[in-house]
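Residues per chain are reported as follows:
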Amino acid sequence: MVSKKGGAGLAAAVGAVVLLGAGSAQAATAAPGQEPAAGPATLAKTDVGQALNGTTAGLGYGVAPIKSLRLDPWANSSADVLNNGATVKPDQGLAPVGTGTLTGPLSAGGGVKDLPLVGGLSGVLPG
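In this report, we go over the structure that sits alongside the text.

### Some points on the side chain of S107
Next up, step 1: Examined against the element boundaries, S107 turns out to sit in helix α3 (residues 100-107).
Next up, step 2: Among the polar contacts listed, one links the side chain of S107 to the backbone oxygen of G104, at a separation of 3.2 Å.
Next up, step 3: In this structure S107 touches D72, A75, N76, D80, L82 and N83, once residues within four positions along its chain are discounted.

The following block contains the structure:
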């Protein structure tokens, strides 16, 4: 939606386009008989080892809080739905199977690193 009150904004945008267009036109032209002062820009060679070290260090600081982030906002409260578990006792004398093993770490206020299977895999991530 276009505002009818924004004449000053439109004037500023047009002015910026005019100034940028004039500046680029002057930079592209050179005086007759003279060569441009500088050639095309070149990039310096990248040290791959330092780039990987910097990326790994930065990634560690970014991923570490995510691994310990509290996944259940209602953990340790009376409104926690993960605190209620279900257990099934199979026939033929097998051990009971329940949901407490999976939901227990979350209802205690844990994060990804505290989950039974995923917690071990999160150790691969830096941080």
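Further notes follow.
### As for unusual backbone geometry
Next up, step 1: Despite not being glycine, N76 has its phi angle at roughly 60°, a positive value.
Next up, step 2: Relative to the assigned elements, N76 resides in the loop between α2 (48-67) and β1 (87-88).
Next up, step 3: Of the residues examined, N76 reaches a relative accessible area of 62% and is grouped as exposed.
Next up, step 4: Of note in the backbone geometry, Q92 takes a positive phi value of approximately 65° without being a glycine.
Next up, step 5: Counting through the fold element by element, Q92 comes out in the loop between β1 and β2 (97-98).

### A look at the environment of D72
Next up, step 1: Tracing the sequence through the fold places D72 in the loop between α2 and β1.
Next up, step 2: Between the alpha carbons of D72 and T103 there is a distance of 9.7 Å; along the sequence they are 31 residues apart.
Next up, step 3: Discounting chain neighbours no more than four positions away, the residues touching D72 are D80, L82, L106 and S107.

Procedures and definitions
- Residues numbered from 1 in each chain as written.
- Predicted model: local features only at pLDDT ≥ 70, side-chain atom pairs only at ≥ 80, totals over all residues.
- Heavy atoms only, no water.
- Helix = DSSP H or I, 4+ residues; strand = E, 2+ residues; numbered from the N terminus.
- Polar contact = N/O pair within 3.5 Å; in protein donor to acceptor, adjacent residues only side chain to side chain.
- Contact = heavy atoms within 4.5 Å.
- Buried < 20%, exposed > 50% of the residue type's maximum accessible area, 1.4 Å probe, protein only.

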